[in-house]
Amino acid sequence: MKIIKPNIPKELDLIEDLLSLICQCKEDEEDISGKHVKEVSLNDADISEVCFKDIIFENCKFVDCSFQKSDFIDVIFKFCDLSNCNLSDGYFNRCQFISSKAIGVNIQNGNLQHLSIINSNFKYANFDSSKLNNVSISESDMSNGYFSECKLTNLELDNANLMNTNFFRTPLKGVDFTKSQIDRIIISIEELKGAIVNAYQASELARLLGLIVK
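Let me begin by describing the structure that accompanies this report.

What counts and what doesn't
Residues numbered from 1 in each chain as written. Predicted model: local features only at pLDDT ≥ 70, side-chain atom pairs only at ≥ 80, totals over all residues. Heavy atoms only, no water. Pairing = 2+ DSSP bridges. Helix = DSSP H or I, 4+ residues; strand = E, 2+ residues; numbered from the N terminus. Axes fitted to C-alpha atoms, helices over the stretch in contact; angles between N-to-C directions. Phe/Tyr/Trp six-rings, centres within 6.5 Å; stacked < 30°, edge-to-face > 60°. Buried < 20%, exposed > 50% of the residue type's maximum accessible area, 1.4 Å probe, protein only. Salt bridge = Lys/Arg side-chain N within 4 Å of Asp/Glu carboxyl O. Patch = residues over 30% accessible without salt bridge, like charges linked within 9 Å, V, L, I, M, F, W, Y side chains within 5 Å. Areas by Shrake-Rupley, 256 points an atom, 1.4 Å probe, with all protein chains shown as cover. Lys, Arg positive; Asp, Glu negative; His and termini not counted. Charge placed at Lys NZ, Arg CZ, Asp CG, Glu CD. Contact = heavy atoms within 4.5 Å. Disulfide = S-S within 2.5 Å.

**Some details on the sheet that holds strand 6 (residues 71-78)**
Logical step 1: Spatial ordering of the open sheet is given by 1-2-4-6-7-8-9-10, a layout of 8 strands whose pairing is parallel. With one partner strand each, in any of the chains shown, strand 1 (13-15) and strand 10 (151-158) form the two edges of the open sheet. Sheet twist, expressed as the average angle between the axes of neighbouring strands with direction ignored, equals 15 degrees.
Logical step 2: Direction of pairing for strand 8 (residues 111-118) relative to strand 9 (residues 131-138): parallel, over a ladder of 7 bridges.

Okay, here's the thing in structure tokens:
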């Protein structure tokens, strides 16, 4: 599987007052594009229904902010904190989260394409009812998360912590869990059909599903 990386221009405008820019773009009904948003901190801000294109967010902190129904196209989040933010009903295409924190983030009903989550903390994140197409998760904590009723196409996992994560009603055919932690995941036999696991994981899953392994 080949994940298409964000295609971001080398020259970006440095932005330190993001909120004013958002208000202006909403008023003018324009996208926010070609910006390097650095060391911005926002609390309880309404950033909903905004389209971000060709953006790097670096060392930014968004506390309880709403990005609901926003679009992110060719966007990188680097060393950012989006914990407890609302990104539900959002569209992500060619995006990366690098060394970022998004504990408890809400990405329900999202449309995620060519998305990479790298060395990040997404503990308790909610992806319920989302479409994940060409998504890579590596060296990241996704434990206690929610992936129920999702549609997965080409999900790549590499050392992802998925302990206690809920995959209820999400078909996992073709998903390779062998390099990740899946202890105590919430799952049923139907969802597991076609999933790829190692011998230890198979034994643990069997016990989880009520089978007695001798």
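On we go.
**Regarding the packing of aromatic side chains**
Logical step 1: In this structure the tally under the stated criterion is 16 aromatic pairs.
Logical step 2: Between Phe-122 and Phe-127, the ring centres sit 6.3 Å apart and the planes meet at 25 degrees, which makes this aromatic pair stacked. For the pair Phe-122 and Phe-127, one class covers both residues: buried.

**As for the pattern of salt bridges**
Logical step 1: For the structure on display, the rule yields 7 salt bridges.
Logical step 2: Asp-31 is the partner of Lys-53 in a salt bridge, and the nearest nitrogen-oxygen pair spans 3.4 Å. Within this pair, whereas Lys-53 is found in strand 4 (residues 51-58), its partner Asp-31 is found in the loop between helix 1 (18-28) and strand 2 (32-38), the two being separated by 22 residues in sequence.
Logical step 3: Take Asp-31: its relative accessible area is 38%, and that puts it in the partly exposed class.
Logical step 4: In this structure, the salt-bridge partner of Lys-101 is Asp-81, at a minimum N-O distance of 3.7 Å. With a gap of 20 residues between them, Lys-101 in the loop between strand 7 (91-98) and strand 8 and Asp-81 in the loop between strand 6 and strand 7 connect regions that are remote in the sequence.
Logical step 5: The exposure class assigned to Asp-81 is buried, which follows from its relative accessible area of 14%.

**Topic: a negative patch on the surface**
Logical step 1: A contiguous patch of negative charge on the surface is contributed by Glu-27, Asp-28, Glu-29 and Glu-30.
Logical step 2: In this fold, Glu-27 is placed in helix 1.

**Quick notes on unusual backbone geometry**
Logical step 1: The residue Asn-134 is not glycine, and still its phi comes out positive at about 60 degrees.
Logical step 2: Take Asn-134: it is sitting in strand 9.
Logical step 3: Of note, the phi angle at Asn-164 is positive, near 65 degrees, even though the residue is not glycine.
Logical step 4: The exposure class of Asn-164 is partly exposed, given its relative accessible area of 28%.

**Regarding the side chain of His-114**
Logical step 1: Among the structural elements, His-114 can be located in strand 8.
Logical step 2: In contact with His-114, not counting residues within four places along its chain, are Lys-2, Ile-3, Ile-4, Asn-93, Arg-94, Cys-95, Asn-133 and Asn-134.

**Some remarks on the environment of Gly-110**
Logical step 1: Positionally, Gly-110 belongs in the loop between strand 7 and strand 8.
Logical step 2: Separated by 18 residues in sequence, Gly-110 and Asp-128 have C-alpha atoms that sit 8.3 Å apart.
Logical step 3: Apart from the residues within four sequence positions on either side, Gly-110 is in contact with Asp-89, Gly-90, Ser-130 and Lys-131.

**A closer look at the pairing of strand 6**
Logical step 1: Here strand 6 lies mainly inside the structure; 6 of its 8 residues are buried.
Logical step 2: Relative to strand 6, strand 4 is paired through 7 bridges, and the arrangement is parallel. Bridged to Cys-51 within strand 6 is Asp-71.
Logical step 3: Note: strand 6 against strand 7, 7 bridges, orientation parallel. Within the sheet, the bridge partner assigned to Asp-71 lies in strand 7 and is Tyr-91.

**What to know about the state of the cysteines**
Logical step 1: Inspection of every chain in the model, using the stated rule, returns 0 disulfides.
Logical step 2: Just so you know, Cys-65 is unpaired, no disulfide at all, and the nearest cysteine sulfur is the one on Cys-85, 4.8 Å from it.
Logical step 3: By relative accessible area, which is 2% here, Cys-65 ends up buried.

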